[in-house]
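Examining the three-dimensional arrangement
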Amino acid sequence: MSRVYNFSAGPAVLPEEVLREAAADMLDYKGCGMSVMEMSHRSKMFDDIIKTAESDIRDLMGIPDNYKVLFLQGGASQQFAAVPMNMMKNKKAGYVITGQWAKKAYQEAKLYGEAVELASSADETFSYIPDCSDLPITDDMDYVYICENNTIYGTKFKTLPNTKGKILVSDVSSCFLSEPVDVSKYGVIYGGVQKNVGPAGMVISIIREDLIPEECLPGTPTMLKWKTQADNDSLYNTPPCWTIYICGLVFKWLKNNGGLEGMKKLNEEKAAVLYNFLDNSKLFKGTVRKEDRSLMNVPFITGNDELDAKFVAESKAAGFENLKGHRTVGGMRASIYNAMPKEGVEKLVTFMEDFEKANS
Ligand SMILES: *Cc1c(COP(=O)(O)O)cnc(C)c1O
């Protein structure tokens, strides 16, 4: 068996210890004679799995008691619709457009009400985070929406926007559990888990209880009403059992590896290795304004499409997978999530140094 260094943006690398543990549990989970995939979601065994997962993510993030943690299907994209359906009482909300995921959420919200573009970095291919200290937020807006880490473009909000008292909704899909957060600053935090947490198939939504409405917009499907899910502890119907189980193992792994403080330190070290190289390279360059750089997704280019393609092909042959940039922007992107070991980033940089020597 040999494992590659997987720089995929998602689904993405998982901790090897977690995969080994899941493999060991595969045929017989804790003596029950079946795998987690085969057991009833109403069983005592699964009840322990989902309750432990919830209590561990609450510990990790310091989630206050007045927030619900929902394990939902449909991915982050499903929440693009669920957010307005549950929150647009005045049918108006403000969106900060920092990339394709923010834009998709904004366009989805337009199906249900007035979505207002508060700021955008489209003018420079989303290579920076716009100034959000004095956004044109109006009193009738139900919430202010951001995509906190922009997976495709490699930018991250280092300070949260001034929402002028409005509720902040944040998509944290690609920075979920990568560093400590103050949950109380948000009304809703949600993320698809397949980037930095677990396997595909689930979004975790952390929602302040008073924002879970009795009534949603007319026509909201039962499954998309947060109240349905909250009242049933995410067990209204069959939940993504296997994904919940693996995420639970990842939460334990995070707790055993310094929690979110420990991850932040490690992620900063890893990102510094790559950014320092990019800042000093004569061939490669980062594409993001320095102060807005993501710790998780690092896009870079040579400035020559043919050389980019050559780099992607040669890096793949050398055991560095998925370094090709998003299909809409080209170039390269290294996603260096929690489970990417520092050694993987160091080896990538050595490979880039050699490539630079051979091609200049
Ligand atoms: C990947 C991604 C999404 C979409 O996630 P799905 O779970 O595939 O719907 C949304 N937002 C961000 C920031 C992402 O990185």
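Throughout this document, residue positions are counted from 1 along each chain, in the order its sequence is written. Only residues with pLDDT of at least 70 get local features here, since the model is predicted, and only at 80 or more are side-chain atom pairs given and counted; chain-wide, interface and lining totals rely on the full set of residues. The side-chain numbers reported here are obtained from all heavy atoms of the structure, hydrogens and water having been left aside.

1. Regarding the site of the ligand
So the rule is basically this: By convention in this text, a residue qualifies as near a molecule or strand provided that one of its non-hydrogen atoms is within 4 Å of it. Each polar contact in these results corresponds to two N or O atoms within 3.5 Å; when the atoms are within protein, one needs to be able to donate a hydrogen and the other to accept it, and residues that are neighboring in sequence are counted only if both atoms are side-chain atoms. Starting at the N terminus, helices and strands are each numbered in turn, a helix being any DSSP run of H or I of at least four residues and a strand any DSSP run of E of at least two. Each residue receives one of three labels: charged for Asp, Glu, Lys and Arg, nonpolar for Ala, Val, Leu, Ile, Met, Phe, Trp, Tyr, Cys and Pro, and polar for the others, Gly being one of them.
The full set of residues close to the ligand is Gly-75, Ala-76, Ser-77, Phe-80, Trp-101, Cys-147, Asn-149, Thr-151, Asp-171, Ser-173, Gln-194 and Lys-195. In this structure, an oxygen atom belonging to the ligand sits 2.4 Å away from a side-chain N or O atom of Thr-151. One of the side-chain N or O atoms of Asp-171 is found 2.6 Å from a nitrogen atom in the ligand. Looking at the shell around the ligand element by element, the count peaks at 4 residues for helix α3 (residues 75-87). Of the residues belonging to the shell around the ligand, the class tally is 4 nonpolar, 6 polar and 2 charged.

2. Some thoughts on the pattern of salt bridges
Stated precisely, the cut-off is as follows: What makes a salt bridge here is a side-chain nitrogen of Lys or Arg within 4 Å of a carboxyl oxygen of Asp or Glu, nothing more. Exposure is judged per residue with a 1.4 Å probe applied to protein chains only, and the accessible area is read against the type maximum: over 50% gives exposed, under 20% gives buried, and values in between give partly exposed.
Applying the stated criterion to the full structure yields 25 salt bridges. One salt bridge connects Asp-56 with Lys-252, and the closest N-O pair in it is separated by 2.8 Å. In this pair, Asp-56 sits in helix α2 (residues 44-61) while Lys-252 sits in helix α6 (residues 241-256), placing the two residues 196 residues apart along the sequence. Exposure remark for Asp-56: the relative accessible area of 3% places this residue in the buried category. Given a relative accessible area of 38%, Lys-252 falls into the partly exposed group. Taken together, the shared-partner salt bridges connect Asp-56, Asp-59, Lys-252 and Lys-255 into one network.

3. Concerning the packing of helix α8 (residues 305-317) against helix α9 (residues 342-358)
The condition is simple: The convention used is that axes are lines fitted to C-alpha atoms, helices contributing only their stretch in contact, and that angles between N-to-C directions extend from 0 to 180 degrees. What sets the label is the angle itself: under 35 degrees gives roughly parallel, over 145 gives roughly antiparallel, 65 to 115 gives roughly perpendicular, and the rest give oblique. Each crossing gets its handedness from the near helix: less than a right angle anticlockwise from the far helix is left-handed, clockwise is right-handed. By the convention used here, residues are in contact when the closest approach between their heavy atoms is within 4.5 Å.
At a minimum axis distance of 11 Å, the contact between α8 and α9 shows a crossing angle of 130 degrees. Judged by the angle between their axes, α8 and α9 are oblique. Crossing angle aside, the handedness with which α8 passes α9 is right-handed. Two secondary-structure elements touch here, α8 through Leu-307, Lys-310, Phe-311, Glu-314 and Ser-315 and α9 through Leu-348, Phe-351, Met-352 and Phe-355. Considering only residue class, the contact of α8 with α9 consists of 6 nonpolar, 1 polar and 2 charged.

4. Quick word on unusual backbone geometry
In the segment running from Gly-10 into Pro-11, the intervening peptide bond is cis, with an omega of -10 degrees. Positionally, Pro-11 belongs in the loop between β1 (5-6) and α1 (16-25). Unlike most non-glycine residues, Lys-30 shows phi in positive territory, near 45 degrees. In this structure, Phe-126 takes a positive phi of about 55 degrees despite not being glycine. Inspection of the secondary structure puts Phe-126 in the loop between β4 (114-120) and β5 (144-147).

5. Here we look at the packing of helix α7 (residues 259-280) against α9
For the pair α7 and α9, the least separation of the axes is 9 Å and the interaxial angle reads 10 degrees. Taken together, the axes of α7 and α9 are roughly parallel relative to one another. Facing α7, whose interface residues are Glu-269, Lys-270, Val-273, Leu-274, Phe-277 and Leu-278, α9 presents Lys-342, Val-345, Glu-346, Leu-348, Val-349, Met-352, Glu-353 and Glu-356. By residue class, the composition of the contact of α7 with α9 is 8 nonpolar, no polar and 6 charged.

6. Notes on the domain arrangement of the protein
We apply this condition: The source of the domain bounds is an automatic or database domain assignment. The term buried area denotes the loss of accessible surface (1.4 Å probe radius) that occurs when two parts are joined, taken as the sum for both partners.
Examined at the domain level, the protein breaks down into domain 1 (16-256) and domain 2 (259-358). Taking the mean C-alpha position of each, domain 1 and domain 2 sit 27 Å from one another. With 26 residues of domain 1 at the contact, the number on the domain 2 side is 24 residues. Taken together, the two surfaces of domain 1 and domain 2 that pack against each other cover about 2100 Å², and 55% of this comes from carbon and sulfur. Contact with domain 2 buries surface across domain 1, with Ile-152, Gly-154 and Pro-180 losing the most and accounting together for 20% of the total. Inspection of the region where domain 1 meets domain 2 yields 14 residue pairs in polar contact (both at pLDDT 80 or more). If you tally residues by element for the side of domain 1 that touches domain 2, the top one is α6, at 3 residues. Grouping the constituent residues of the side of domain 1 that touches domain 2 by class yields 12 nonpolar, 9 polar and 5 charged.

7. Notes on the packing of aromatic side chains
Two aromatic rings are characterised by how far apart their centres lie and by the angle between their planes. As a reminder, the rule being used: Pairs were defined over the aromatic rings of Phe, Tyr and Trp, the Trp ring being its six-membered one, requiring ring centres within 6.5 Å. Orientation was assigned from the angle between planes: stacked under 30 degrees, edge-to-face over 60, tilted for the rest.
Within this structure, the stated rule accounts for 16 aromatic pairs. Aromatic side chains Tyr-95 and Tyr-106 sit 6.0 Å apart centroid to centroid with 55 degrees between the ring planes, which places their arrangement in the tilted category. Remark: Tyr-106 occurs in helix α4 (residues 100-109) and Tyr-95 occurs in strand β3 (residues 92-97); sequence separation between them is 11 residues. In this structure Tyr-95 comes out as buried when scored by relative accessible area, which is 0%. Given the relative accessible area of 12%, Tyr-106 is considered buried. One aromatic cluster is present, formed by Tyr-5, Phe-7, Phe-277, Phe-284, Phe-300, Phe-311, Phe-320, Phe-351 and Phe-355 through successive ring pairs.

8. Considerations on the sheet that holds β5
Under the convention used in this document: By the convention used here, strands pair only if DSSP detects at least 2 bridges between them.
Here 7 strands make up an open sheet; going across it, the order is β2-β10-β9-β8-β5-β3-β4 and the pairing mixed. Of all the strands in the sheet, just β2 (67-72) and β4 have a single pairing partner and so form its edges. Adjacent strand axes in the sheet meet at a mean angle of 20 degrees when their direction is disregarded. Of the pairings in the sheet, the one linking β2 to strand β10 (residues 203-208) comprises 6 bridges and is antiparallel in character. Across the sheet, the residue bridging to Phe-71 is Ile-204, located in β10. Lying over the sheet, α3 contacts β2, β3, β5, β8 (168-171), β9 (188-192) and β10, oriented at roughly 155 degrees with respect to β9.

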